[in-house]
Amino acid sequence: MESTNQKILLENSDITLYIKREDLLHPYISGNKFRKLKYNIVQARKEGKTKLVTFGGAFSNHILAAAAAGAEYGFQTVGIIRGEELRDKILENPTLRQAQDFGMEFVFVSREAYKTKTESYFLDSLKDMLGDFYLLPEGGTNDLAVKGCEEILTESDADFDFICSAVGTGGTLSGLINCSKSSQQVLGFPALKGDFLREDICSFVSKTNWDLQTEYHFGGYGKVTEELVAFINTFYQSYGVPLDPIYTGKMVFGVIDLIDKGWFPSQSKILMIHTGGLQGIAGMNQMLRQKKQTEITVHV
């Protein structure tokens, strides 16, 4: 399938707002994960690798996308999963269950051990355990991932004044910055608390036409509020666009809130990037159900 720009009609505003439906690229290798994996798959083949190894948490979009890519392109896949307690809960976890259905094998490690995942001794232990493999970093962000994300914007997007995207590890935003026009401002909406991502993004970009809006994390990574869930449900009812609660839902909420506050100049043209991640809704609804809170009611 192809990505497409969908207009979002705003009442009582002279702002032009569109959302780029990158979530439509693939049912499982969705949105920015499709972009991030593209050139990494090419490189793995070039190196003659047959096994992909990567990292993620219980409901990781990247874990599921890597598993699906392995199944589609003929690689074995291994996920190093944060949290030993998940070993006996695979069937209860929609993300891990689907990844396993795609053939992914799991290595569950403690949260303390997971913090050392980039250390050479940890990676050497993986090589001893798993043999030769192609390593995909957590979240999929590396130089090749940024290269893939540089293909999100096309010439037809050149007229937009603002490009807005959710931010996890910073790879997608870096790609967007690199392929943006000098006349455009790129805004990132981090899903995590804090402003620490600036340094990571600066390692991939040289342009300065970007900024982070850090006030729309809703409590931090993997956290939501009733206000956010209600917004996602209402947005879907109004426009038929499903939003995930971890990334894109927060970004779209932030953009519309800034529009309502008059932050954007009059007659601005804004393009929001839908980075996929809709598989995470099932896991979030699991947690909301346990807390007896309102669930996300979009259909994907």
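Calculation notes
Residues numbered from 1 in each chain as written. Predicted model: local features only at pLDDT ≥ 70, side-chain atom pairs only at ≥ 80, totals over all residues. Heavy atoms only, no water. Pairing = 2+ DSSP bridges. Helix = DSSP H or I, 4+ residues; strand = E, 2+ residues; numbered from the N terminus. Contact = heavy atoms within 4.5 Å. Axes fitted to C-alpha atoms, helices over the stretch in contact; angles between N-to-C directions. Phe/Tyr/Trp six-rings, centres within 6.5 Å; stacked < 30°, edge-to-face > 60°. Salt bridge = Lys/Arg side-chain N within 4 Å of Asp/Glu carboxyl O. Buried < 20%, exposed > 50% of the residue type's maximum accessible area, 1.4 Å probe, protein only.

Caption draft 1: Layout of the sheet that holds strand β3 (residues 51–56). Across the sheet, four strands lie side by side as β5-β4-β3-β6; this open sheet has parallel pairing. This sheet does not close on itself; its edge strands, each paired only once, are β5 (105–109) and β6 (134–135). As paired strands, strand β4 (residues 76–82) and β5 are joined by five bridges and run parallel to one another. Bridging from a neighbouring strand, R82 pairs with V109 of β5. Together, β3 and β4 form the strand contacts of helix α2 (residues 61–73), whose direction differs from that of β3 by roughly 170 degrees.

Caption draft 2: Region of the structure containing the packing of aromatic side chains. Evaluated as defined, the whole model comprises 15 aromatic pairs. Between F189 and Y216, the aromatic rings sit 6.0 Å apart at their centres with planes inclined by 50 degrees, giving tilted as the arrangement. A residue pair is termed long-range when its members are at least 10 positions apart, and F189 in strand β8 (residues 185–190) and Y216 in the loop between β9 (210–212) and α9 (226–239) qualify at 27 residues. A centroid spacing of 4.8 Å and a plane angle of 55 degrees characterise the contact between F235 and Y239, whose relative ring orientation is tilted. Placement of the pair is F235 and Y239 together in helix α9, with a separation of four residues, close to one helical turn.

Caption draft 3: The pattern of salt bridges, seen in detail. Summed over all chains, the structure comprises 13 salt bridges. R111 serves as the salt-bridge partner of E85, at 2.9 Å between the closest nitrogen and oxygen. With E85 in the loop between β4 and α3 (94–101) and R111 in helix α4 (residues 111–114), the pair connects residues that are 26 residues apart, well separated along the chain. On the accessibility criterion, R111 (43% relative accessible area) is partly exposed. Salt bridges sharing common partners tie together R82, K117 and E138.

Purely geometric numbers; function is a separate question.
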